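Given next are the chains, with one letter for each unit.
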Amino acid sequence: MAEPLFTPEEQKKFDAEIAEILSHYPADRKSAAMLPALRLLQELKGWLPPEGLKLVASRLGVTPERAYEVASFYVMYHLKKPGKYVVDVCTNLSCALWGAEKMLAYLEQKLGLKAGEANERFTLRETECLASCGTAPCLQINEDHHESLTKAKLDAIFDKLS
Amino acid sequence: MATTAFEPLISAAWGKPNSWKLDEYKKRGGYKGLEKALEMAPAQIIDEVKKSNLRGRGGAGFPTGLKWSFVPKDSPKPKYLAVNGDESEPGTFKDRYILENDPHMMLEGIAIASYALGVHTCYVYLRGEFKFQAERTNAAIREAYAAGIFGKKVLGKDYQLDCYVVRGAGAYICGEETALLESLEGKKGWPRLKPPFPAVVGLFGCPTVVNNVETLASVPHVFTRGPAWYAGLGTDKSGGTRLVCLSGTVNRPGVYEVPLEATFNQLIFDDKYGRGLPPGRKVKAVIPGGSSAPILSPDELDVAMEFEAVKVKQTMAGSGGVIVMDDTTCMVRSLWRVARFYAEESCGQCTPCREGTPWQTRLLRKIEEGRGEPGDVEILSNVASSIAPYPPIGLGNTICALGDAAALPTHSFLMRFRDEFEAHIREHRCPFGDKPWGAFGDWS
Ligand SMILES: Cc1cc2nc3c(=O)[nH]c(=O)nc-3n(C[C@H](O)[C@H](O)[C@H](O)COP(=O)(O)O)c2cc1C
Ligand code: SF4
Ligand code: FES
């Protein structure tokens, strides 16, 4: 038999939080909870496995295709298992004016990955403006935000990762 | 305006200890505006906001009171308030500071707006990347429930209001108000055809007001100090103060609260604000209101950063995102990066936008990499025109204004820097060599 999607603790957390999320919407609008429900699944599993999409869809009363359609529209959802750390580097205009492309090149070298590539440990991506243009350049690691980055700061952040 | 010292309204508490906590907010007079508003009839609240000349801070500068007045009073359907905290237009980073430093100011605005509109449920839609900002906002909402500001009774009045944070998941288009509503309904962010406007058919088919975070944070001040006072701070058609976001090649980038008559020159050069450019640099071009706004030349910066004044220059004050590009910056490279953003973020519903945005990007890449051919600049200009001709702003052939947003930079860069584009083609290379962004800061 295939491995179950969740451990018992994860299942409990999922059930409790789905109930809370659904309580924010009108009873006949359960499908509105799609984004928070997908986020919850990703928090638990690190990505959105197909069985998870099916489960979310069934709780929200929609087809799995609908869950997939939404999941594939938004860049923060992972339909494939990413590296342990997802590194999103902003290279948009204000950051580029403060050297973001050079910072990305430095990171590519440091991690041995090109932007758009992944290994077990890292997924490295270029991303769009992160609302940090006044504290450029910037990046996010698993949604944790880092800004006003210098070489020294960047090295310190990456050296601390397990 | 009189020469009295400028008093910031929105940013007054930023950086002070625990500025985001309810206690601190109340010590500063917080929720007094809501108390006053709750003593008024809903229609009177809307009138006061109209009189204040408050205009939306999300991009279009639409008069807030007027927007509220479009919500039908006799509709049997529930009504909703959706707060736009998607903040994804390149160059814009102001709302996050409100959420981080003073979320209660926005919550107070939400309560006033909701009461005026007969709204019982408000959703605060924050871009997915705002994890920390969502935590702050949620903490403030919990405090507000515990203090009887939200919940079954608002400050003891027989009126129920619930407020929830919803995080997006990485899609600029969800800042467009109807895409935001689709996303709130649990769908992909495909903008809707307008009309009908959200005030009539919005969330779940019900009347809905969509307002920006800063717009709502401005509302309490209209009630604590009165609409006439608020209107008097601004210009004829635009009340209050506003936040502007300064980035790019300046010594002191950041968010600054300014009087509406402050000019771009003041923002960039004043000691209070940007403190000029690094030594040896000169302004080449300035984006006045987020990356979609047509650029201004160095000799056009004596214009006030206010909606009407900027409009005269055929551009827009938009989201308040001011980006300074200096004389070491390649305009082709800059436009290519901006074009790539819009191509990446197009939702793909309309042919001109879906096909035109990557086409612009390919042409710009070709020119920047020295492979441009005679005629490419004309093609580029034609592609931009088929998404949205210009001037004026707003002629887009598409469902939403992302089409215009993608075409406007192309038009305006070509109008002012056509020579530089032609030079790339003539010389078969970027004249800036391997330093298209200049060399600046730690990563030079
Ligand atoms: C492509 C696009 C992106 C937008 N992004 C945002 C945004 O991130 N935040 C925002 O407040 N408004 C954004 N807007 C404007 C909204 O559609 C809407 O006008 C605004 O939220 C209304 O609020 P206001 O009246 O308080 O300004 C965007 C518009 C377009 C066309
Ligand atoms: S203009 Fe672009 S982003 Fe807007 S609806 Fe059309 S395809 Fe989508
Ligand atoms: S351009 Fe990088 S955060 Fe805005």
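Computed from a predicted model, the values in this text were never measured in an experiment. (Residues numbered from 1 in each chain as written. Chains lettered and ligands numbered in written order. Predicted model: local features only at pLDDT ≥ 70, side-chain atom pairs only at ≥ 80, totals over all residues. Heavy atoms only, no water.)

1. Let's talk about empty space enclosed by the protein
Residues and elements named next belong to chain B.
So, point 1. Going through the model one piece at a time under the given rule, you end up with one cavity of 30 Å³ or more.
So, point 2. The volume enclosed by the largest cavity comes to roughly 60 Å³.
So, point 3. Lining the largest cavity are S346, C347, G348, Q349, C350, C353, T398, C400, L402 and G403. (1 Å grid on protein atoms, 1.4 Å probe; cavity = no way out; pocket = protein on both sides within 12 Å on 5 of 7 lines; lining within 4 Å. Points joined across faces, edges and corners; volume = space filled by probe spheres on them.)

2. Regarding the UniProt feature "binding site: [2Fe-2S] cluster" (unreviewed entry) in chain A
So, point 1. According to UniProt, the "binding site: [2Fe-2S] cluster" (unreviewed entry) feature falls on C90(A), C95(A), C129(A) and C133(A). The annotated residues occupy 44 residues of the chain but converge on a single region, no pair of C-alpha atoms lying more than 9.3 Å apart. Restricting the annotated residues just mentioned to those that line the second largest pocket leaves C129(A).
So, point 2. One can find C90(A) in strand 1 (residues 85-90).
So, point 3. By relative accessible area, C90(A) is classed as buried at 2%.
So, point 4. Setting aside residues up to four positions removed in sequence, C90(A) forms contacts with C95(A), A100(A), T127(A), E128(A), C129(A), L130(A) and C138(A).
So, point 5. Mapped onto the elements, C133(A) comes out in the loop between strand 2 (122-127) and strand 3 (139-141).
So, point 6. Ignoring any residue separated from it by four or fewer positions in sequence, one finds C133(A) in contact with S94(A), G91(B), T92(B), F93(B) and S247(B). (UniProt positions renumbered as here; feature names shortened; annotations may be inferred. Helix = DSSP H or I, 4+ residues; strand = E, 2+ residues; numbered from the N terminus. Buried < 20%, exposed > 50% of the residue type's maximum accessible area, 1.4 Å probe, protein only. Contact = heavy atoms within 4.5 Å.)

3. Comments concerning the state of the cysteines
So, point 1. The final tally for this structure, using the stated rule, is zero disulfides over all chains.
So, point 2. With no disulfide of its own, C245(B) lies closest to C133(A) among cysteine sulfurs, the gap being 7.4 Å.
So, point 3. The exposure class of C245(B) is buried, given its relative accessible area of 0%. (Disulfide = S-S within 2.5 Å.)

4. Description of the confidence of the model for chain B
So, point 1. Confidence in the prediction of chain B, expressed as mean pLDDT, is 96, and 99% of residues score 70 or more.
So, point 2. Interface confidence for the predicted complex, given as ipTM, is 0.98, next to a pTM of 0.98. (pLDDT = per-residue confidence, 0-100.)

5. Let's talk about the pairing of strand 5 (residues 241-248) of chain B
Residue and element names in this part refer to chain B.
So, point 1. Among the eight residues that make up strand 5, eight are buried, leaving the element largely enclosed by the rest of the structure.
So, point 2. Across four bridges, strand 5 lies against strand 8 (residues 321-326) in parallel orientation. Note on strand 8: the bridge partner recorded for S247 is I323. (Pairing = 2+ DSSP bridges.)

6. Re the interface of chain A and chain B
So, point 1. The interface of chain A with chain B comprises 51 residues on the first partner and 61 residues on the second.
So, point 2. Buried area between chain A and chain B, summed over both chains or domains, comes out near 4500 Å², and the portion from carbon and sulfur atoms is 57%.
So, point 3. It is L93(A), L97(A) and W98(A) that lose the most area in chain A upon contact with chain B, and together they represent 16% of the buried surface on that side.
So, point 4. Remark: the boundary between chain A and chain B carries seven salt bridges.
So, point 5. Two residues, R96(B) and E147(A), come together in a salt bridge whose shortest N-O distance is 3.0 Å.
So, point 6. If you look at where chain A meets chain B, you find 27 residue pairs in polar contact (both at pLDDT 80 or more).
So, point 7. Residue assignment for the side of chain A that touches chain B shows that the elements contributing at least two residues are helix 2 (34-45), helix 4 (64-73), helix 5 (93-96), helix 6 (100-111), strand 2, strand 4 (144-146) and helix 7 (151-160) of chain A. (Buried area = accessible area lost by both parts, 1.4 Å probe. Salt bridge = Lys/Arg side-chain N within 4 Å of Asp/Glu carboxyl O. Polar contact = N/O pair within 3.5 Å; in protein donor to acceptor, adjacent residues only side chain to side chain.)

7. Things to note about the pattern of salt bridges
Oppositely charged side chains can form a pair if their charged atoms are brought close together.
So, point 1. For the structure on display, the rule yields 44 salt bridges over all chains.
So, point 2. Residue R167(B) is joined to E143(A) by a salt bridge in which the shortest nitrogen-to-oxygen separation is 2.9 Å. On the criterion of chain membership, the pair formed by R167(B) in strand 3 (residues 162-167) and E143(A) in the loop between strand 3 and strand 4 is interchain, its members lying in two chains.
So, point 3. In this structure E143(A) comes out as partly exposed when scored by relative accessible area, which is 23%.
So, point 4. Salt-bridge contacts for R57(B) lead to E214(B); the nearest nitrogen and oxygen are separated by 3.6 Å. Within this pair, whereas R57(B) is found in the loop between helix 3 (42-51) and helix 4 (64-69), its partner E214(B) is found in helix 9 (residues 213-225), the two being separated by 157 residues in sequence. Each of the two residues, R57(B) as well as E214(B), counts as buried.
So, point 5. By sharing partners, the salt bridges in this structure join R57(B), K94(B), D95(B) and E214(B) into a single network.

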